[in-house]
Amino acid sequence: MNYMAVLVTGGAGYIGSHTCIELLESGYDVIIADNLCNSHKVVVDRIKELSGHKPKFYEIDIVDKNALELVFKENKIDSIIHFAALKAVGQSVSMPVEYYTNNLINTLNLFEMMKKYNVNKFVFSSSATVYGEPHTCPILEEFPLSVTNPYGRTKLMIEDMLRDICYANKDLDVAILRYFNPIGAHKSGRIGEEPNGIPNNIMPYITKVAIGQLPYVNVFGDDYNTHDGTGVRDYIHVLDLAHGHVKALKKLEENPGLVTYNLGTGKGYSVLDLVKAFSKASGKEIPYKITDRRAGDIATCYADPTKAEKELGWKAKYSIEEMCKDSWKWQSQNPNGYTTEVLTK
Ligand code: NAD
Ligand code: WQD
């Protein structure tokens, strides 16, 4: 059993909250720093409820260096998992300054604190978006990198910074994790994804249709070169992702320097496959309409996750059926997300 202290930035968010539970259950001490710009304080209570352990919580904007420094002064931090970011691709196109400020400055502040407080282990939330339009699938970690929007550019810029920083400082151990398409929720249905307003991503959109808050799913194009013409993605259960972070932290204990892994299942499902799987798992009919392609979308994107399997001993275990079942459990038990509980407090 270890009692290493992990600073989890963005730990109240969708992937962060599931990862905090996994960390606490694995014996780590967890310190969350989150400004709640896309999450709720009640998540921190639910992390405690589900894991049986209380994370320490700082409601701070990590762009604020003084606020961040207090966390390092008050805690002996062994490692950092950095989730905190703005993540909506479309919004990043209309609000690039906000995206560059939030995502880059907060990361630079962390790098400065790591140097000052001698923290040498860092896990970074990157994204399959850094592969741009891959020339072929499955995607390997060494494929060329390119991005087409400010959100993706922040991810690639931070990856590049990490490569430079690790080249200069051989004491650092860094894991860049490139997530494919996270969906699903905790088995309890107590925590899950709660997008602001009308969802951009497909699974929260489907669950809002299933619960009756939206009339039908817009399927963005059925003329792609895929088995049914709709876009193919590598959907991965958020619990598998959470587990991948604990495995990555364990890897960093072996002092590997900089390592990069795809976290995906290696399987591709089309939009219509997902709609059908969700209907079956929820027992709800999901009406849909085929509409135009969405600008910037690619036909197919799925991972080759072999490297993570070999080097981390990690493999996604949940099926698309379980991902759908758990997304539905979360949505149906919390039709208004976390909001109801927040308002009654
Ligand atoms: P999320 O929005 O649910 O979580 C991010 C959390 O960070 C939120 O709780 C938000 O309040 C917090 N935050 C943002 N800026 C902050 C700041 N300046 N200071 C303090 N807290 C701040 O998003 P998520 O889906 O859990 O994503 C987590 C990470 O994974 C992000 O870096 C995202 O870019 C990356 N990622 C997500 C996906 C996805 O589809 N969800 C895919 C690939 C990569
Ligand atoms: C999936 C498929 C759409 C909505 C995005 C980011 C990526 C990463 C994950 C952060 C595509 C189709 C969608 C809808 C639809 N995030 N779709 N109707 O675009 O693969 O990836 O989230 O890093 O960077 O770009 O995910 O869920 O938006 O789309 O038909 O209402 O569903 O065209 O084929 P995407 P998504």
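Residues numbered from 1 in each chain as written. Chains lettered and ligands numbered in written order. Predicted model: local features only at pLDDT ≥ 70, side-chain atom pairs only at ≥ 80, totals over all residues. Heavy atoms only, no water.

As recorded in an unreviewed UniProt entry, the protein goes by UDP-glucose 4-epimerase and comes from Romboutsia lituseburensis DSM 797. As recorded by UniProt, the Cofactor (unreviewed entry) comment attached to the protein reads in full: "NAD(+)". (UniProt positions renumbered as here; feature names shortened; annotations may be inferred.)

## Some thoughts on the UniProt feature "domain: NAD(P)-binding" (unreviewed entry) in the protein
The residues that UniProt annotates with the feature "domain: NAD(P)-binding" (unreviewed entry) are residues 7–326. Secondary structure over residues 7–326 splits into 40% helix and 17% strand, and the C-alpha atoms at its two ends are 27 Å apart. (Helix = DSSP H or I, 4+ residues; strand = E, 2+ residues; numbered from the N terminus.)

## Digging into the site of ligand 1
For ligand 1, the set of nearby residues contains 29 residues, the closest of which are Asp34, Asn38, Ser39, Phe83 and Tyr151. Here Ile15 contributes a backbone N or O atom positioned 2.8 Å from an oxygen atom of ligand 1. At the level of elements, helix H1 (14–25), helix H5 (96–117), strand E5 (121–127) and helix H6 (150–168) are the ones that each hand at least two residues to the shell around ligand 1. At three residues, E5 tops the list of elements feeding residues into the shell around ligand 1. Residues belonging to the shell around ligand 1 are distributed by class as follows: 15 nonpolar, ten polar and four charged. (Near = heavy atom within 4 Å. Polar contact = N/O pair within 3.5 Å; in protein donor to acceptor, adjacent residues only side chain to side chain. Nonpolar A, V, L, I, M, F, W, Y, C, P; charged D, E, K, R; others polar.)

## Here we look at the sheet that holds strand E9 (residues 232–233)
Judged by pairing direction, the sheet is mixed, and its three strands sit side by side in the order E12-E9-E14 without closing on themselves. Either end of the sheet is taken by a strand with one partner, and the two such strands are strand E12 (269–270) and strand E14 (300–301). Direction of pairing for E9 relative to E12: antiparallel, over a ladder of two bridges. Of the residues in E12, the one forming a bridge with Val232 is Ser270. (Pairing = 2+ DSSP bridges.)

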